[in-house]
Amino acid sequence: MSEPIWIVGAEMTPFGRFPQWDVVDLAARAARGAMADAGLGIRDVQHVAVGNVFDAITGVGQRMLHEIGMTGVPVVNVVNACATGATAIRSGITAIRAGEADIALAVGAEQLGKRGLLAAPEEPRGPEFAARGRDGAVLDTEGLIGSALMPGVFSEAGVSYLAANPEASADHFFRIAEKNHFHSSLNPLAQYQKAFTFEQVRDADMIAWPNTSLMCSPTGDGAAAVVLVNADGLARLAPGVRERAVKVAASVLVSDPWVEDAEARWDVNGVTRLAAAAAYEQAGVGPEDLDLVELHDCFATAELLHYENLQLCKPGDAVSFLESGAPWRDGSLPVNVSGGLLSKGHPLGATGVAGVYEVVTHLRGEAGDRQIAGAKVGMAHVLGLGSACAVHVLVR
Amino acid sequence: MTNQVPAVAHLRLDPAPTIVGSRCGSCGATYLLRRSACASCGGDDFAAGVDLGTTGVVTTATVVHRGMPGVPTPFTSGVVALDAGGFVRCTLTDAEDPVAAVGRRAVLETGVVGTDAAGTEAVAFTFRVQDIEGAPA
Ligand SMILES: [Zn+2]
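The rules behind each value
Here the residue numbers are simple positions, counted from 1 along each chain's written sequence. Chain labels run from A onward and ligand labels from 1 onward, assigned in the order the entries are written. Local features are withheld for residues below a pLDDT of 70 in this predicted model, meaning they are given only at 70 or higher, and side-chain atom pairs are given and counted only at 80 or more; totals for whole chains, interfaces and linings count all residues. Hydrogen atoms and water are omitted, and side-chain values are computed over all heavy atoms in the structure. Secondary structure follows DSSP: runs of H or I at least 4 residues long count as helices, runs of E at least 2 residues long count as strands, and numbering of each begins at the N terminus. Under the scheme applied here, a residue whose accessible area is under 20% of the maximum for its type counts as buried, over 50% as exposed, and between as partly exposed, the area being computed with a 1.4 Å probe on protein chains only. Only heavy atoms enter the contact rule, under which two residues are in contact if any of them lie within 4.5 Å. Note that water is not among the atoms considered, so a metal site may appear incomplete; the donors listed are N, O and S atoms within 2.8 Å of the metal, with 3.2 Å applied to Na, K and Ca. Tetrahedral means four donors with every angle between 85 and 135 degrees, whereas square planar (four donors) and octahedral (six donors) require angles over 155 degrees between opposite donors and between 65 and 115 for all others; sites fitting neither are termed irregular. A helix is expected to span 1.5 Å multiplied by its residue count minus one. Only strands that DSSP links by at least two bridges are regarded as paired with each other. UniProt positions are given in the numbering used here, feature names are shortened, and annotations may be inferred rather than shown by experiment. Note on definitions: salt bridges are taken to be side-chain nitrogens of Lys or Arg within 4 Å of carboxyl oxygens of Asp or Glu. Buried area: the accessible surface (1.4 Å probe) lost by two parts on joining, summed over both. Site definitions follow a grid-based scheme: protein atoms alone, a 1 Å grid, a 1.4 Å probe that fits but cannot get out for cavities, and for pockets an open set with protein on both sides within 12 Å along at least five of seven lines, plus lining residues having an atom within 4 Å of a point. Grid points are joined across faces, edges and corners, and a volume is the space filled by probe spheres set on the points. In the scheme used here, Gly and all other residues not listed as nonpolar or charged are polar, with Ala, Val, Leu, Ile, Met, Phe, Trp, Tyr, Cys and Pro taken as nonpolar and Asp, Glu, Lys and Arg as charged. Nonpolar core, defined: a set of buried Ala, Val, Leu, Ile, Met, Phe, Trp, Tyr and Cys residues in which side-chain atoms within 4.5 Å join the residues together.

The name an unreviewed UniProt entry assigns to chain B is DUF35 domain-containing protein, from the organism Nocardioides marmoriginsengisoli.

As annotated in an unreviewed UniProt entry, chain A carries the name propanoyl-CoA C-acyltransferase and comes from Nocardioides marmoriginsengisoli.

Next up, the structure:
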């Protein structure tokens, strides 16, 4: 549909807790790694996009260039909820397609520090009741009039699925977390790198039923980066780099389609269905062509829903898809072989780039112990509530 | 008599507690919160203060075991599709099994949840899930 784009460099830092590194250290490390992977230096880069959530106001992109090369090129700092990193990649792609660059660098980085992912407490209120906010609340309603926290949102989405699909049970969500934790045991960059049994997942602390603590992505720090090029950029690279290039067959970003209950709950499904359908159309491939998928398993409940939303199985068939073993690394369509957000970790701004990094690494045949043999086509999906959903389809 | 205010603007206390909202004059979409325009059609011709009643059907639920500091747990959080239109996020009572609660009828209940320095009471609401599975509204 428009100018072809390739990823020619990719890097990811370990995900975990790194108090010794700030967000700029993490971004710089990923950026320099991706450029080195492409055989390029900072003076080759004509556009820089940096995705970050919690420090976005501080100009992480510019601060990173102050560390790795102040070249005067345009920098954009991107924030788009949990789709922040994927949106940075799209910024690089759109800059190239707008004719402003042949080579672009996209980075996602997050240093969460001591912050949790739960919403910050409200600003203190005065001694007398006064209405505030779009609901005109006179006091803090979290936990008083339901819960709007992320675990509740994704648990409710899972419960809706259970209520509509009698063959599904909480056991299926436990099984998904067991799978992703097992997968991360093969990923040296993952935060957990530890397998947990079905029983350990089930019996962990309950957060919001049915999601236990081992079914909620951990908070953490990390970064990932990719180098994007068009045909002119590709032609400038060494033959050894060119032959490892991975084509971006689709890059899609969408916001929510309207649903009648949008005020009362986040719709995690419609936005993903919309993005997936557009991505297949743009890529000219179907779900049957995919060799691996990295999808947004911020909570275990989400993954089951996304099997259907991303058309990895037919509507209503998510349970049989899971029970067939398909999404395990030795199955017919491996899902989250990195460990996913649940076990690899979820440093918000980095996540969207890290999913693309994972797929690129497999398509290049460079994923080591966790390599999906012969992978040629892969998908990376992220979903930020609000909502922003991005899907990339990558082809070798 | 003690002065009372609703905890949120979509709860109306007088003459009897009920959920209120606004309805789009162009497409009929129903909203409970303050709005700039209609998210369905873009229109801005709203009928305000529409009585959305006290009954509906549970569309989803979860039991929250770990909440914000200071919030007592566990409690059941969910959404009720109101019979008169609109969807309301709420705490559900008599809903210890969230999957079983989905599709059941629920009825508004109110109670005092706080008192400010002037002695004004804030009244909030829950929806009590009914024993008998409700027919579609
Ligand atoms: Zn309308």
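From this point, the discussion proceeds with the structure in view.
A. Seen up close, the overall build of chain B. Of the regular secondary structure elements, chain B holds one helix and ten strands. Sequence-ordered secondary structure for chain B, helices as α and strands as β, is β-β-β-β-β-β-β-β-α-β-β. Projected onto the principal axes, the alpha-carbon positions of chain B cover approximately 45 × 40 × 30 Å. Across the 137 residues of chain B, 46% fall into the buried class. Within chain B, contacts between residues at least 6 apart in sequence are counted, and of these 52% link residues at least 24 apart.

B. Spatial organisation of the coordination of the zinc ion. Residue and element names in this part refer to chain B. Surrounding the zinc ion are the protein donor atoms Cys-24 (SG), Cys-27 (SG), Cys-38 (SG) and Cys-41 (SG), which sit 2.3 Å from the metal. In this structure, the zinc ion is coordinated by four donor atoms arranged in tetrahedral fashion, with angles at the metal of 102 to 117°. The motif formed by the donor residues of the zinc ion, counted along the single chain, is C-x2-C-x10-C-x2-C. Accessibility expressed as a relative area gives 39% for Cys-41, which makes it partly exposed.

C. A look at helix α4 (residues 150-164) of chain A. All names here are of chain A. Compared with the 21 Å implied by 1.5 Å per residue over 15 residues, the 21 Å span of α4 between its first and last C-alpha is a close match. The buried count for α4 comes to twelve of 15 residues, which makes it a mostly enclosed element. Looking at α4, one finds that the buried residues are Pro-151, Gly-152, Val-153, Phe-154, Ser-155, Glu-156, Ala-157, Gly-158, Val-159, Ser-160, Tyr-161 and Leu-162.

D. A look at the pairing of strand β3 (residues 75-78) of chain A. Note that strand β2 (residues 47-51) of chain A and β3 of chain A share four bridges and pair parallel. For Gly-51 of chain A, the partnering residue across the bridge sits in β3 of chain A and is Val-78 of chain A.

E. The arrangement of the UniProt feature "domain: ChsH2 C-terminal OB-fold" (unreviewed entry) in chain B in detail. The residues that UniProt annotates with the feature "domain: ChsH2 C-terminal OB-fold" (unreviewed entry) are residues 50-105 of chain B. The span residues 50-105 of chain B carries 7% helix and 54% strand; its end-to-end C-alpha distance comes to 21 Å.

F. Quick peek at the pattern of salt bridges. Residues and elements named next belong to chain A. The tally for this structure, following the rule as stated, stands at 17 salt bridges over all chains. In this structure, the salt-bridge partner of Glu-366 is Arg-244, at a minimum N-O distance of 2.6 Å. Linking Glu-366 in the loop between α13 (348-363) and β10 (377-384) with Arg-244 in the loop between α8 (239-242) and β8 (246-254), this pair joins segments that are 122 residues apart in sequence. The network of salt bridges with shared partners includes Asp-37, Arg-244, Arg-364 and Glu-366.

G. Inspection of the interface of chain B and chain A at higher detail. At the interface, 49 residues of chain B touch 41 residues of chain A. Both faces considered, chain B and chain A share a buried interface measuring about 3,700 Å² in area, 63% of it formed by carbon and sulfur atoms. Considering only the surface of chain B that becomes buried against chain A, Arg-66, Met-68 and Arg-89 of chain B emerge as the three largest contributors, covering 18% of it. Counting the contacts that link chain B with chain A gives three salt bridges. Ionic pairing is found between Arg-35 of chain B and Glu-263 of chain A, a salt bridge with its closest N-O pair at 3.3 Å.

H. Main features of the layout of surface pockets. Residues and elements named next belong to chain A. By volume, the second largest pocket amounts to about 470 Å³. Lining the second largest pocket are 23 residues, with Ser-160, Arg-265, Asp-267, Asn-269 and Arg-273 positioned closest to its centre. The set of elements that each furnish at least two residues to the lining of the second largest pocket consists of α4 and α10 (300-309). Sorting elements by how many residues they give to the lining of the second largest pocket places α4 first, with four residues. Among the residues forming the lining of the second largest pocket, the class breakdown is ten nonpolar, six polar and seven charged.

I. Local environment of the nonpolar core. Residue and element names in this part refer to chain A. Core analysis: the largest hydrophobic core is formed by 60 residues, its most contacted members being Val-293, Tyr-307, Leu-312 and Val-393. Here the element with the most residues in this core is helix α9 (residues 270-283); it accounts for six residues. Formed by 36 residues, the second largest nonpolar core is a distinct cluster that contains Ala-31, Leu-40, Ala-225 and Val-227.

J. Examining α9 of chain A more closely. Residues and elements named next belong to chain A. Between its terminal C-alpha atoms α9 stretches 20 Å, which fits the 20 Å expected from 14 residues at 1.5 Å a residue. Inspection of α9 places Gly-270, Val-271, Thr-272, Ala-275, Ala-276, Ala-279, Tyr-280 and Ala-283 among the buried residues, and these make up the whole buried set. Structurally, α9 contributes buried residues whose contacts are with β8, α10, β10 and β11 (388-395). Looking at the residues trailing α9, positive phi occurs at Gly-284, about 70°.

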